[in-house]
Amino acid sequence: MEAYVSTPESPIELKPFVGRSFPILDNAIEFYENYGRSVGFDTRKNSSKKVDSITIWFYMVCNREGEQKFSDQQPKRRRKSKKCGCNACVAFKFDSDRGYVIQHLNEEHNHPMVDIQHQKFMRLNRQIEPVHQKFISYCAGANIGPSLTFKLLTELMGGYESVGCTVLDIRNYTRDIIRYAERYDAQMIIDEMKKKENCDAFMYEYEVDSRSRLMHLFWCDPIAKMNFMQFGDIVSFDTTYSTNRYSMIYAPFTGKDNYGAQCHLELFVKCMGIAPKLIITDQDLGMKVAVEKVLVNTRHRWCMWHIMAKVAEKVPKSLLGNPDFKKDLNSCVWSKLIEPTEFEDKWKTVMETYDLEGAEWFGSMFESRKFWVPAYFREFLNNSLIKTTSVSESQNSYFKRYTQSRANLVVFLMNFNNAVNAQRNYSAKLDYKDYNTTAKMKTEWSLEKHASTIFTDGAFKEIQE
């Protein structure tokens, strides 16, 4: 069987020949790559030779050069090989007078050239240009993955042929960025914080261990500080959300603004300059000690949801499906209208009625009643807005849409800033609607009309209902 031989045709300006010279090596490499790109084959460097730091020989071959290796061992991944023993190649030799000269050339390939409709998949035609790099970085900051990034590029560039890369190229580029930042990401975000030191309202603090590794970082920007001053009477603190590859915990202080949306209070009290009047956390003894030590004049409240969720584990099975028990316990515990003494009487009645007087868990909860029962927080006029850490859990759920659990610190900060900016933009949109629209009245009362001018739209609708 006669061997297949292909000698591609190309325009004269792109055609290589022995004796053709180039001022510098980069020009020679670019020329041969353009030749391969135009006729339909990929190239790669084969070898080179240097003398006194000067490259005197440089060899390039068709990427199908070489023979496929065979092995008796089962490969981990089944991959097809491009190698078919192609001998097409070029050799550039350095000449002190002419630069780099084509000294040897073999134009014959033992395989067909890549079809025109497939040439967009060639390595030479897949390059992530600076505009692509910028777009990919923006997408990574918005937590948009490689597949969706590629789809967006396809639409923006006008089709697959115009993109100039594949999903795999985007994935590899994103991976390379992350790997590049891997050793320096902590220092990079500290440097980013230091850039903002000229702003008096921006505050940050960090702590490193004995090996100079970042252990803790807290920061507060001017808007977060302003939000705390306006809405920080009651805050929720939750440390359950791990957001990065180092398993460092993202622990925001979270409050509620006039719209019921969460405003981030990203820093501890030292950065804010003033402590909240009430803080809500989960039922953690370590947190209890910390709050008593640091927030001396702040009331500490435990999350009611976490406590009440444990009831099913602590009661006898005979009470699990008892609707009367559930009704009596909820009316006793959840009511914010009863006085502490009334709560205590109701609690005692429930314990006696359902034979729970000797239950250890219920006894301990009664001993700690001043940390979680609404009757003991009546002095806080708006305490009903937040009585569980669900506002923090809702915040964590919100951040999960923007972040990746194994992101490095640089990617996390990019994701965090995008999430905060999106939230603040939404709040500004609600402000715009409140200032430029008029609520629909249900009555002709002047009181209702006055209320519509001082409450946000969401709060006013709750009042109307």
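Use the structure listed above.
Rules and cut-offs
Residues numbered from 1 in each chain as written. Predicted model: local features only at pLDDT ≥ 70, side-chain atom pairs only at ≥ 80, totals over all residues. Heavy atoms only, no water. Helix = DSSP H or I, 4+ residues; strand = E, 2+ residues; numbered from the N terminus. Buried < 20%, exposed > 50% of the residue type's maximum accessible area, 1.4 Å probe, protein only. Contact = heavy atoms within 4.5 Å. Areas by Shrake-Rupley, 256 points an atom, 1.4 Å probe, with all protein chains shown as cover. Pairing = 2+ DSSP bridges. Axes fitted to C-alpha atoms, helices over the stretch in contact; angles between N-to-C directions. Core = buried A, V, L, I, M, F, W, Y, C linked by side-chain atoms within 4.5 Å. Phe/Tyr/Trp six-rings, centres within 6.5 Å; stacked < 30°, edge-to-face > 60°. Lys NZ or Arg CZ within 6 Å of the ring centre and 35° of its normal. Expected span 1.5 Å × (residues − 1). Arc of directions from axis to C-beta. Salt bridge = Lys/Arg side-chain N within 4 Å of Asp/Glu carboxyl O.

Q: It is not clear to me how the overall build of the protein should be interpreted in this structure. Could you clarify?
A: Within the protein, the secondary structure is distributed over 19 helices and 14 strands. Counting all 465 residues of the protein, 38% fall into the buried class. Long-range pairs, those at least 24 residues apart, make up 58% of the contacts in the protein with a sequence separation of at least 6. Here the protein has roughly 28,800 Å² of accessible surface; of this, 52% comes from carbon and sulfur atoms.

Q: Can you walk me through the sheet that holds strand 5 (residues 99-106) in this structure?
A: Strand pairing within a sheet occurs via backbone hydrogen bonds; the two strands may be parallel or antiparallel. In spatial order, the strands read 1-5-4-3-2; together these five strands make up an open sheet with antiparallel pairing. With partners counted over all chains shown, the strands left at the sheet margins are strand 1 (21-22) and strand 2 (43-51), one partner each. Where helix 1 (residues 25-39) meets the sheet, its contacts fall on strand 1, strand 2, strand 3 (54-62), strand 4 (89-95) and strand 5, and the angle it forms with strand 3 comes to roughly 5°.

Q: Help me out: how do you make sense of the nonpolar core in this one?
A: Nonpolar side chains tend toward joint burial in soluble globular proteins. Core analysis: the biggest nonpolar cluster contains 28 residues, and Phe325, Val333, Phe343, Trp347, Phe362 and Trp372 have the highest contact counts within it. Of all the secondary structure elements, the ones that give two or more residues to this core are helix 10 (304-309), helix 13 (323-333), helix 14 (340-353) and helix 15 (360-367). Apart from residues no more than four positions distant in its own chain, Trp347 is found in contact with Leu329, Cys332, Val333, Phe362, Met365, Phe366 and Trp372. Formed by 20 residues, the second largest nonpolar core is a distinct cluster that contains Phe31, Cys86, Ala88 and Ile102.

Q: It is not clear to me how the packing of aromatic side chains should be interpreted in this structure. Could you clarify?
A: Within a pair of aromatic rings, the relevant descriptors are the distance that separates the centres and the angle that separates the planes. Scanning the model with the defined rule gives 20 aromatic pairs in all. Aromatic side chains Trp57 and Tyr59 sit 5.7 Å apart centroid to centroid with 5° between the ring planes, which places their arrangement in the stacked category. Here the aromatic rings of Phe325 and Tyr354 are separated by 5.1 Å at their centres, their planes lie at 75°, and the arrangement is edge-to-face. Highlighted residues: Phe325 in helix 13 and Tyr354 in the loop between helix 14 and helix 15, separated in sequence by 29 residues. In this structure Phe325 comes out as buried when scored by relative accessible area, which is 4%. Joined through ring pairs, the aromatic side chains of Phe343, Trp347, Trp361, Phe362, Phe366, Trp372 and Tyr376 make up one cluster. The aromatic ring of Phe377 is capped on one face by Arg301, whose charged end is 4.5 Å from the ring centroid. Sitting over the face of the ring of Phe366, Arg369 holds its NZ or CZ atom 4.1 Å from the ring centroid.

Q: Mind showing me how you'd approach helix 2 (residues 130-141) here?
A: A rise of 1.5 Å per residue sets the reference length of helix 2, with its 12 residues, at 16 Å; its end C-alpha atoms lie 17 Å apart and thus fit the reference within 8%. What helix 2 keeps buried is the set His132, Ile136, Cys139, Ala140 and Gly141. Here the buried face of helix 2 lies against helix 3 (146-157), helix 4 (160-163), helix 5 (167-182) and helix 17 (409-436). Downstream of helix 2 by a residue or two, Asn143 has a phi angle that is positive, lying close to 60°.

Q: What is the right way to read the environment of Pro374 from this model?
A: If you trace the backbone, Pro374 turns up in the loop between helix 15 and helix 16 (390-400). Pro374 gets classed as buried once you look at its relative accessible area, which sits at 2%. Here the alpha-carbon distance between Pro374 and Lys336, two residues 38 residues apart in the chain, equals 5.1 Å. Ignoring sequence-local partners within four residues, the contact set of Pro374 consists of Arg301, Met304, Val333, Trp334, Ser335 and Lys336.

Q: How should I be thinking about helix 14 in this particular structure?
A: An α-helix turns once per 3.6 residues; consequently, residues spaced three or four apart project the same way. Over its 14 residues, helix 14 runs 20 Å from end to end, which matches the ideal 20 Å to within 8%, given 1.5 Å per residue. Looking at helix 14, one finds that the buried residues are Phe343, Trp347, Val350 and Met351. Projected down its long axis, helix 14 carries its buried residues within an arc of 95°, all on one side. Facing away from the buried side of helix 14 by more than 90 degrees, the exposed set consists of Thr341, Asp345, Lys348 and Thr353.

Q: Before we go on, may I ask you to explain the pairing of strand 2 in this structure?
A: Side-chain direction in a regular strand flips from residue to residue, so the side chains alternate between the two faces of the sheet. Note that strand 2 and strand 3 share eight bridges and pair antiparallel. Looking at strand 3, one finds that Thr43 is bridged to Cys62.

Q: Help me out: how do you make sense of the pattern of salt bridges in this one?
A: Note on pairing: side chains with opposite charge can pair once their charged atoms come close. Counted under the stated rule, the structure contains nine salt bridges. Notably, a salt bridge pairs Asp221 with Arg424, separated by 2.9 Å at the nearest N-O pair. Pair noted here: Asp221 is in the loop between strand 7 (214-220) and helix 7 (222-231) and Arg424 is in helix 17, with a separation of 203 residues, a long-range link. Among the salt bridges present, the one from Arg369 reaches Glu344, with a minimum N-O distance of 3.3 Å.

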